[in-house]
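Residue-level listing of the chains:
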Amino acid sequence: MALFTPPNSAPQSTFFRATTTTVGITALNAGTQANSPLLTTLWNRVDTVGAAGAAVVLPPSNTGDQVIVTNNTATNAMNLFPAVGESINLLANNTAFSVVTGGTAICMCMVAGNWIVK
């Protein structure tokens, strides 16, 4: 089952299925965009953030993609990086977005190469 497909149009993305979930993700301490864990499902729960700035990485964006990331910890904010060469919101390319403790980032792609995160 692909994500939402507008009437009379081709599917925009088949990267995620609406029921895919990963729990128990560990953000990499002192993680960078190049070496942090890649998120591979629609729903992602990060249960270990060992230090402030530990990181995970969004997949390459395609129009219509959605990714939900929860920082399921009480002590450290974590960094959420876009794929190499991409951006989040109005941040410069390759710049991390901070997800607060207990926070959830809802990531949507309206234009390939840029994630809108709320």
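Each value, and the rule that gives it
Residues numbered from 1 in each chain as written. Predicted model: local features only at pLDDT ≥ 70, side-chain atom pairs only at ≥ 80, totals over all residues. Heavy atoms only, no water. Helix = DSSP H or I, 4+ residues; strand = E, 2+ residues; numbered from the N terminus. Buried < 20%, exposed > 50% of the residue type's maximum accessible area, 1.4 Å probe, protein only. Contact = heavy atoms within 4.5 Å. Areas by Shrake-Rupley, 256 points an atom, 1.4 Å probe, with all protein chains shown as cover. Pairing = 2+ DSSP bridges. pLDDT = per-residue confidence, 0-100. Axes fitted to C-alpha atoms, helices over the stretch in contact; angles between N-to-C directions. Salt bridge = Lys/Arg side-chain N within 4 Å of Asp/Glu carboxyl O. Polar contact = N/O pair within 3.5 Å; in protein donor to acceptor, adjacent residues only side chain to side chain.

From N to C terminus, the chain includes zero helices and nine strands. From first element to last, N terminus to C terminus, the chain shows the α and β order β-β-β-β-β-β-β-β-β. Burial statistics for the chain: of 118 residues in total, 38% are counted as buried. For the chain, restricting intrachain contacts to residue pairs at least 6 apart in sequence, the fraction spanning at least 24 positions comes to 57%. Total accessible area on the chain stands at roughly 6000 Å², and carbon and sulfur atoms take up 61% of it.

Once that is clear, we can look at the pairing of strand β4 (residues 66-71). The element β4 is largely enclosed, with a buried count of five among its six residues. When strand β2 (residues 43-49) meets β4, the two strands line up parallel, connected through four bridges. Across the sheet, W43 pairs through a bridge with I68, a residue of β4. Relative to strand β8 (residues 104-111), β4 runs antiparallel, the two sharing five bridges. Across the sheet, residue V69 finds its bridge partner in β8, namely A105.

If you check the backbone angles, N89 has positive phi at about 50° while not being a glycine. Looking at the secondary structure, you find N89 in the loop between β6 (87-88) and β7 (97-99). Non-glycine residue N94 carries a positive phi angle of around 70°. Turning to its location among the elements, N94 is positioned in the loop between β6 and β7. Exposure remark for N94: the relative accessible area of 31% places this residue in the partly exposed category.

Next up on the list: the confidence of the model for the chain. Of the residues in the chain, 84% reach a pLDDT of 70 or more, and the chain-wide mean stands at 89. Counting interchain partners and residues more than four positions distant, the pLDDT-below-50 stretch residues 1-10 has twelve contacts.

On to the sheet that holds strand β3 (residues 54-57), then. Read across the sheet, three strands follow the order β3-β5-β7 without closing on themselves; strand pairing throughout is mixed. Two strands lie at the open edges of the sheet, namely β3 and β7, each paired on one side alone. Each neighbouring strand pair of the sheet contributes to a mean axis angle of 35°, computed without reference to strand direction. Both β3 and strand β5 (residues 78-81) contribute to a ladder of four bridges, which runs parallel.

Right, let's talk about the pattern of salt bridges for a bit. For the structure shown, the criterion picks out one salt bridge. D47 is the salt-bridge partner of R45, the closest N and O atoms lying 2.8 Å from each other.

It is worth spelling out the side chain of N114 at this point. Structurally, N114 can be placed in strand β9 (residues 114-117). Owing to a relative accessible area of 18%, N114 belongs among the buried residues under this scheme. A polar atom in the side chain of N114 sits 3.0 Å from the backbone oxygen of N89. Contact partners of N114, with chain neighbours within four places excluded, come to S61, S87, I88, N89, M108 and C109.

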